[in-house]
Amino acid sequence: MNIIIRQARPEDAEKVAPLIINAIGDIANHMTAQKEPEAVLEKVEDMIRGEHTRHSYHYTYTALVNGDIAGALVIYHGNQADALDRYLIKQLKKQGHERTIEPEAHTDEWYIDTVSVDPAYQGQGIGSKLFEFAETLVSSQKGAKLSLNVDIDKKGAIRLYKRLGYSVSEPWTIIGEPFHHMVKVIS
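Residues numbered from 1 in each chain as written. Predicted model: local features only at pLDDT ≥ 70, side-chain atom pairs only at ≥ 80, totals over all residues. Heavy atoms only, no water.

As named in an unreviewed UniProt entry, the protein is Acetyltransferase, taken from Planococcus antarcticus DSM 14505.

Below, the structure written as C-alpha cells:
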C-alpha cells in the first residue's frame, strides 16, 4: 500500500476534523466552547481552514491512501503554543466564551497534538507512518524533543508510545484531567 503524507490544505477540513475530534475527545468541546457534535465539528473545521490555531492546516499533515485522507497528524513547536492559544482564546472571548487553554508541551519540544487514523484504514501502518513523519520533521531541526500527552487510563496507547521510544517524563493536566507527558529525544 502506498501512503503519501502531505501538508493539509484548507479544503481537507471536512475529512480531517472528525479525525481530530476522535483523537482529542472532550478537549474539542472545550476548545470550541460547543457541546453539540455538529457545532463542535463546524468549529474544528473552521480552525483547520484558519491560519492561527494549533489545528490550522499549517500544523496538520494528512496521510493519503489512493487519494483518500486516511489519517492526520497535528504537530507544532511548543514555543508556538502560547501565540496559537492566545488567538483562539481571543476569538472565543469575542463570541462570549471565557476559556483558558493549558499549554500541552514545554517550549523546547515539538508537540504531537494529534495522530488519528480513519477506522476504515486502521491496522495498515498509517499511524506508524505518521509517527515516522513527525520524527523526520523534527530530526531536520538538528535534534530535538518530540512530546505527546496521553490519558493515564489509556494503557494500550501508553504501551504503544513506549514501544515507539517515548517515556513518561511527568504528570500533566488538560482541562482538569490527568495525563502522562511522554517525550522522545530525536537526534
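**Q** How do you make sense of the overall build of the protein when you look at a structure like this?
**A** Helix and strand counts for the protein stand at 6 helices and 7 strands. The order of helices and strands in the protein, counted from the N terminus, is β-α-α-α-β-β-α-β-α-β-α-β-β. For 187 residues, the compact-globule estimate of 2.2 N^0.38 gives 16 Å, and the protein sits close to it at 16 Å. Every one of the 187 residues in the protein was classed for burial, and the buried ones make up 45%. Contacts in the protein between residues at least 24 apart in sequence constitute 68% of all its contacts with a sequence separation of at least 6. (Helix = DSSP H or I, 4+ residues; strand = E, 2+ residues; numbered from the N terminus. Rg over C-alpha atoms; globule rule 2.2 N^0.38 Å. Buried < 20%, exposed > 50% of the residue type's maximum accessible area, 1.4 Å probe, protein only. Contact = heavy atoms within 4.5 Å.)

**Q** I would appreciate a short explanation of the pattern of salt bridges in the present structure.
**A** Here the idea is simple: oppositely charged side chains can pair when their charged atoms come close. According to the stated counting rule, one finds 9 salt bridges in the structure shown. It is possible to trace a salt-bridge network through shared partners that takes in Arg54, Asp85, Glu104 and Asp113. (Salt bridge = Lys/Arg side-chain N within 4 Å of Asp/Glu carboxyl O.)

**Q** I tried to follow the packing of aromatic side chains on my own but got confused; where do I start?
**A** Describing an aromatic ring pair means giving the distance of the ring centres and the angle of the ring planes. Evaluated as defined, the whole model comprises 5 aromatic pairs. Summarising the aromatic geometry, the rings of tyrosine 61 and phenylalanine 133 are spaced 4.8 Å apart at their centres and angled 55° between planes, so their arrangement reads as tilted. With a gap of 72 residues between them, tyrosine 61 in strand 2 (residues 60-65) and phenylalanine 133 in helix 5 (residues 126-139) connect regions that are remote in the sequence. Since its relative accessible area comes to 12%, tyrosine 61 is described here as buried. (Phe/Tyr/Trp six-rings, centres within 6.5 Å; stacked < 30°, edge-to-face > 60°.)

**Q** Even after reading the chapter, I still don't get the environment of leucine 84, so can you show me in this structure?
**A** Looking at where leucine 84 falls in the secondary structure, it is placed in helix 4 (residues 81-94). Leucine 84 has contacts with His52, Thr53, Arg54, Tyr59 and Tyr76, leaving out every residue within four places of it along the chain.

**Q** Sorry if this is basic, but what is going on with the sheet that holds strand 5 (residues 144-151) here?
**A** In any sheet, the strands associate via hydrogen bonds between backbone groups, in a parallel or an antiparallel arrangement. Strand order across the open sheet formed by 7 strands is 1-2-3-4-5-7-6, with mixed pairing between neighbours. Every other strand in the sheet has two partners, leaving strand 1 (3-7) and strand 6 (167-174) as the edge strands with one partner each. With direction set aside, neighbouring strand axes in the sheet form an average angle of 30°. Across 7 bridges, strand 3 (residues 68-77) lies against strand 4 (residues 109-117) in antiparallel orientation. Bridge pairing in strand 4 links histidine 77 to tryptophan 110. Along the sheet, helix 6 (residues 155-163) contacts strand 5, strand 6 and strand 7 (177-186); its crossing angle with strand 5, the most-contacted strand, is approximately 165°. (Pairing = 2+ DSSP bridges. Axes fitted to C-alpha atoms, helices over the stretch in contact; angles between N-to-C directions.)

**Q** Mind showing me how you'd approach the packing of helix 1 (residues 13-24) against helix 3 (residues 37-49) here?
**A** Pairs of packed helices are described in terms of their axes, by the angle between the two and the distance that separates them. At a minimum axis separation of 9 Å, helix 1 and helix 3 run at an interaxial angle of 115°. Note that helix 1 runs across helix 3; the crossing there is right-handed. Facing helix 1, whose interface residues are Ala13, Glu14, Val16, Ala17, Pro18, Ile20 and Ile21, helix 3 presents Val40, Leu41, Val44, Glu45, Ile48 and Arg49. Each residue belonging to the contact of helix 1 with helix 3 can be placed in one class, and the counts come to 10 nonpolar, no polar and 3 charged. (Left-handed = near helix turned anticlockwise from the far one by under 90°. Nonpolar A, V, L, I, M, F, W, Y, C, P; charged D, E, K, R; others polar.)

**Q** What should I look at first to understand the pairing of strand 7 in this one?
**A** Each regular strand displays side chains that alternate between the two surfaces of the sheet. Pairing of strand 5 with strand 7 involves 8 bridges; the strand directions are antiparallel. Bridge pairing links asparagine 149 to histidine 181 in strand 7. Across 7 bridges, strand 6 lies against strand 7 in antiparallel orientation. Counted as the bridge partner of serine 167 is valine 183 from strand 7. Here strand 6 hands over to strand 7 after 2 residues, with isoleucine 175 in that stretch at a positive phi of 40°.

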